[in-house]
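Commentary on secondary and tertiary structure
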Amino acid sequence: SSGINAEYGEALASVLLNRMAFGTAGLRARMGAGYACMNDVTVIQSSQGLAHYLLSEQGEVVKEKGVVIGFDARHNSQRFAQLAAVAMLRLGIPIHLFSAITPTPFVAYACLHYRTSAGIMVTASHNPKEDNGYKVYWSNGAQIIPPHDMGIADKILSNLTIEEAAWDTAMLSGHKLCTDPYKEIWDAYYTSLAKNIVDKERNGSGPLKITYTPMHGVGQRFMKRSFEVFGLPEFISVSQQSEPDPDFSTVAYPNPEEGKSALDLAMA
């Protein structure tokens, strides 16, 4: 009994006596209970801190420029994005909240397209399925750099109190300050790509064959459209991994840098 209690005590201490560190990559951790993990509470607190930091750094102009928010297909990503949006709206900050899963570059691009104060992308990139994350982009469309990371971290710690209204994601529906940028950004992004092609005819005539796998992420339809825009031959698709799957059922660690361990199906 005492051994079991000690084990639970250590587990509780690890998640309750520590807090995720907010850095230039934002947040990234295992999903679960406690301040050291990604969950509703830590996402709300982080979003409140970010909102207050934006207001302190940029002033009332934030309430004109707004923030763009996107999310991937991992478990809880859409929920976390919605909670982040609520935190912003409660302080009068307009939100461009994507209505469906999007690739990370769409959020960075949208920051520039709308000239927003910041952007948030809920994703853990190539981490294991148990993880999720929260990337923050500045008004220039790039991930934050020092000293913004420390400034946001300080504001998170000074805005930890969560009021009942912070959980009200129903407020997003029909809110005058919450818009869906999906179609506009889809069109604008690929229009921009089309303007940066050097030799489209040559793109389609080369002998190169390309295999692409999103490894259960969101990239399939976006890469397909990118290849069409550039006039490239259709890539060889890895059917077992082409659809978004938050359980990453064919890869334990969906990181292409892992080499063949992650690319077994793509190399088959």
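The rules behind each value
Residues numbered from 1 in each chain as written. Predicted model: local features only at pLDDT ≥ 70, side-chain atom pairs only at ≥ 80, totals over all residues. Heavy atoms only, no water. Core = buried A, V, L, I, M, F, W, Y, C linked by side-chain atoms within 4.5 Å. Buried < 20%, exposed > 50% of the residue type's maximum accessible area, 1.4 Å probe, protein only. Helix = DSSP H or I, 4+ residues; strand = E, 2+ residues; numbered from the N terminus. Contact = heavy atoms within 4.5 Å. 1 Å grid on protein atoms, 1.4 Å probe; cavity = no way out; pocket = protein on both sides within 12 Å on 5 of 7 lines; lining within 4 Å. Points joined across faces, edges and corners; volume = space filled by probe spheres on them. Nonpolar A, V, L, I, M, F, W, Y, C, P; charged D, E, K, R; others polar. Phe/Tyr/Trp six-rings, centres within 6.5 Å; stacked < 30°, edge-to-face > 60°. Lys NZ or Arg CZ within 6 Å of the ring centre and 35° of its normal.

Let us now look at the nonpolar core. Ranked by internal contacts, the top residues of the largest apolar core, which has 40 residues, are Phe22, Met38, Val67, Ile69, Ile95, Ile120 and Tyr134. Secondary-structure elements contributing two or more residues to this core are strand S1 (27–30), helix H2 (40–58), strand S2 (67–71), helix H4 (77–89), strand S3 (95–97), strand S4 (118–122), strand S5 (131–138) and helix H6 (148–157). The element that contributes the greatest number of residues to this core is H4, accounting for eight residues. Here Val67 is in contact with Leu54, Met88, Ile93, Pro94, Ile95, His96, Thr116, Ala118, Gly119 and Ile120, once residues within four sequence places are set aside. Residues Phe106, Tyr137, Ile185 and Tyr190 belong to the second largest nonpolar core, which totals 20 residues.

Taken as a whole, the largest pocket spans an internal volume of roughly 630 Å³. Lining the largest pocket are 29 residues, with Tyr212, Pro214, Gly217, Val218 and Gly219 sitting closest to its centre. Every element with two or more residues in the lining of the largest pocket is listed here: helix H5 (104–114), helix H7 (182–194) and helix H9 (220–230). In terms of residue class, the lining of the largest pocket is built from 17 nonpolar, 10 polar and two charged. Of the volumes computed, that of the second largest pocket is approximately 180 Å³. Around the second largest pocket sit Asn203, Gly206, Leu208, Lys209, Ile210, Phe227, Leu232, Pro233, Glu234, Phe235 and Ile236, which together line it. A breakdown of the residues in the lining of the second largest pocket according to their chemical character gives seven nonpolar, two polar and two charged.

Moving on to the packing of aromatic side chains. Centre-to-centre distance and the angle between the planes together describe a pair of aromatic rings. Tallied over the entire structure, the rule returns 13 aromatic pairs. With a centroid separation of 5.3 Å and 80 degrees between ring planes, the pair formed by Tyr109 and Tyr189 is classed as edge-to-face. Of the two residues, Tyr109 sits in helix H5 while Tyr189 sits in helix H7, which places them 80 residues apart along the sequence. A ring pair is formed by Trp186 and Phe222, whose centres lie 5.6 Å apart and whose planes are at 55 degrees; its orientation type is tilted. One end of the pair, Trp186, is in helix H7; the other, Phe222, is in helix H9, and 36 residues separate them in sequence. Exposure remark for Trp186: the relative accessible area of 17% places this residue in the buried category. Taken together through their ring pairs, the aromatic side chains of Phe98, Phe106, Tyr109, Tyr182, Trp186, Tyr189, Tyr190 and Phe222 make up a single cluster. Between the NZ or CZ atom of Arg221 and the centre of the ring of Phe222, over which it lies, the distance is 5.5 Å. Over the face of the ring belonging to Tyr190 we find Arg225, whose NZ or CZ atom lies 5.9 Å from the ring centre.

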